[in-house]
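Examination of the molecular architecture
The residues making up each chain are set out below.
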Amino acid sequence: MEYLGTFPAGFTELVKRLIERDTSLQKFLFYDESVIALRSERPLTRLPYLKNLYPLIAWGRAKDLQSAYQLVLHTSFQKALTFSAEPNSRQNFVIRLFIEGKPAPIIRELHEKLEKAIMEVLGGRPNSERPDLELQLHLRKNQQCYLIVQKGKRSEEELPAGTLPPYLCRLLLELSNPQRDDIFLDPFMGSAALPLERARMGPYQMIFAGDIKTEKVEALKTILKQKQWEKRRKTIFPKVLDATQLERFKDDFITRIVSDPPWGLYEGLDMQAILELYSNFLREAARLLSKNGRMVLLVGSGVPLPEIFSNSDIPLKIIEQFPVLVSGQKALVYVIIPE
Ligand SMILES: C[S@@+](CC[C@H](N)C(=O)[O-])C[C@H]1O[C@@H](n2cnc3c(N)ncnc32)[C@H](O)[C@@H]1O
């Protein structure tokens, strides 16, 4: 089976590593900064660090939309489509086109040919109003072209502004190299997306989730009252706290910090306030982190984290840093360990 996964731009290397770890991968077919295609021995349903995972029906290289249509029309995609679309169920479908991720207009004559070829496989009819299946023909800027099938609803996040989607939380948490005896802290938790995803991800010892705003902490307490959290709620500790003054935790107590501190954009913080917030928090983080501890931070590109380190004597060092795009905003991910 062949699949295409999507993820936030910038995470390709990590995504490759995780797919190699988690699937019966035969090989990667192609990838770029935000999509990856693979062949797997076993059928896959979902990988928690991917935004979406689609059955891949056809793929190749095309210099424009016309050659993208031609490529698909000359590929024997019947088997892949039958496999992923419940055969003989007469599913109505729509084919949508995308160039570099943006919707593109169809080329009528070729579109009709492709619809006809797909009708022969699916039995259903083209129906853009109420399709059972959406097929997407994509042409990327590196001339990579592919046809995927979208079943059911897309994992379009309807999350409150600023909340990290679960797949992005997973990617950041994976970078922290989670361990079963983790004492985890997110001191800027907001909606608690990171701490809750860490709890779902696998064993840990304790999770501390803090925010300076009481209402955020109360909201987490309400979530933890839900039945699904019954077993884990005793090991998750919501706290109203100031991340720049964490004296409640003793030295070397915390093994992992994964956090998305304020980027200064929405809070209207000026550069001086940002520098102060980050230096004071990092000083506390250095004190709290155990010897083999690790911290992963997602930080807006306007926050000069490396300069903060080089202009201070905070005993932490950045071991990995890479640029990413989060909801269209430029950001950096830093992996940090005690020095
Ligand atoms: C970028 S948001 C975190 C968003 C979160 N990752 C999510 O998915 O919802 C930063 C959070 O830090 C909190 N905050 C700001 N200054 C703080 C401080 N000094 N100590 C603790 N929390 C703080 C804000 O209230 C906000 O909820």
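Presented here is an overview of the structure given in this document.

Cut-offs and rules
- Residues numbered from 1 in each chain as written.
- Predicted model: local features only at pLDDT ≥ 70, side-chain atom pairs only at ≥ 80, totals over all residues.
- Heavy atoms only, no water.
- Helix = DSSP H or I, 4+ residues; strand = E, 2+ residues; numbered from the N terminus.
- Buried < 20%, exposed > 50% of the residue type's maximum accessible area, 1.4 Å probe, protein only.
- Contact = heavy atoms within 4.5 Å.
- Areas by Shrake-Rupley, 256 points an atom, 1.4 Å probe, with all protein chains shown as cover.
- Lys, Arg positive; Asp, Glu negative; His and termini not counted.
- Charge placed at Lys NZ, Arg CZ, Asp CG, Glu CD.
- Near = heavy atom within 4 Å.
- Polar contact = N/O pair within 3.5 Å; in protein donor to acceptor, adjacent residues only side chain to side chain.
- Nonpolar A, V, L, I, M, F, W, Y, C, P; charged D, E, K, R; others polar.
- Axes fitted to C-alpha atoms, helices over the stretch in contact; angles between N-to-C directions.
- Parallel < 35°, antiparallel > 145°, perpendicular 65-115°, else oblique.
- Salt bridge = Lys/Arg side-chain N within 4 Å of Asp/Glu carboxyl O.
- Pairing = 2+ DSSP bridges.
- Core = buried A, V, L, I, M, F, W, Y, C linked by side-chain atoms within 4.5 Å.
- Domains from an automatic or database assignment.

Before going further, it helps to spend a moment on the overall build of the protein. In terms of regular secondary structure, the protein is built from nine helices and 16 strands. Across its three principal directions, the C-alpha atoms of the protein cover 70 × 45 × 35 Å. Split into buried and exposed, the 339 residues of the protein put 52% on the buried side. Taking all contacts inside the protein whose residues are at least 6 apart in sequence as the whole, residues at least 24 apart take part in 70%. Accessible surface, the protein as shown: approximately 17,300 Å² in total, 49% of it carbon and sulfur. If the 47 positive side-chain charges of the protein are averaged to one point and the 42 negative ones to another, these points end up 6 Å apart.

Our next topic: the site of the ligand. In the vicinity of the ligand lie 20 residues, with L164, S191, D211, A243 and D260 positioned nearest. Contacts to the ligand include D211, whose side-chain N or O atom sits 2.7 Å from an oxygen atom. Within the backbone of A243, one N or O atom sits 2.8 Å away from a nitrogen atom of the ligand. Protein coverage of the free-state accessible area of the ligand, which is 600 Å², stands at 88%. Of the residues in the shell around the ligand, the class split is 11 nonpolar, four polar and five charged.

Let us now look at the packing of helix α5 (residues 166-175) against helix α6 (residues 193-201). For the pair α5 and α6, the least separation of the axes is 9 Å and the interaxial angle reads 70°. Judged on the interaxial angle alone, α6 and α5 are roughly perpendicular. Touching P166, C169, R170, L172, L173 and E174 of α5 are A193, L194, E197, R198, R200 and M201, all from α6. When grouped by side-chain class, the residues that make up the contact of α5 with α6 number seven nonpolar, no polar and five charged.

The next point concerns the environment of T163. Position of T163 relative to the elements: it lies in the loop between β9 (144-151) and α5. On a C-alpha basis, the gap between T163 and S67 in space is 40 Å, while along the polypeptide they are 96 residues apart. Other than its neighbours up to four places away in sequence, T163 contacts S191 and A193.

This part is about the pattern of salt bridges. For the coordinates displayed, the defined rule picks out 19 salt bridges. Among the salt bridges present, the one from D182 reaches R256, with a minimum N-O distance of 4.0 Å. Within this pair, whereas D182 is found in the loop between α5 and β10 (183-186), its partner R256 is found in strand β13 (residues 254-259), the two being separated by 74 residues in sequence. As far as burial versus exposure is concerned, D182 and R256 are alike and both buried. E230 serves as the salt-bridge partner of K227, at 2.7 Å between the closest nitrogen and oxygen. In this structure E230 comes out as partly exposed when scored by relative accessible area, which is 41%. Several salt bridges converge on common partners, so that one network encompasses D32, E33, R140 and K141.

Next up on the list: the sheet that holds β13. With mixed pairing, seven strands are arranged side by side in an open sheet as β12-β11-β10-β13-β14-β16-β15. Sheet topology places β12 (236-240) and β15 (316-326) at the edges, where each strand pairs with a single neighbour. Each strand axis lies, on average, 15° off the axis of its neighbour in the sheet, ignoring direction. By the bridge criterion, 10 bridges tie β15 to strand β16 (residues 329-338) in an arrangement that is antiparallel. For V326, the partnering residue across the bridge sits in β16 and is Q329. Packing of helix α7 (residues 214-224) onto the sheet brings it into contact with β11 (206-211) and β12, and relative to β12 it is tilted by some 160°.

Following the sequence through the fold, Y31 ends up in strand β2 (residues 25-31). Relative accessible area serves as the criterion here: at 39%, Y31 is assigned to the partly exposed category. Note: C-alpha distance between Y31 and T12 (19 residues apart in sequence) is 7.7 Å. With residues near it in sequence (within four places) discarded, Y31 still touches T12, K16 and I36.

Core analysis: the biggest nonpolar cluster contains 49 residues, and F11, L172, L298 and V333 have the highest contact counts within it. The biggest single contributor to this core is α5, with seven residues. Shared between two domains, this core takes at least three residues from each, and those domains are domain 1 (2-151) and domain 2 (166-338). Judged by nonpolar contacts, the second largest core, of 31 residues, contains I254, L288, L305 and L316.

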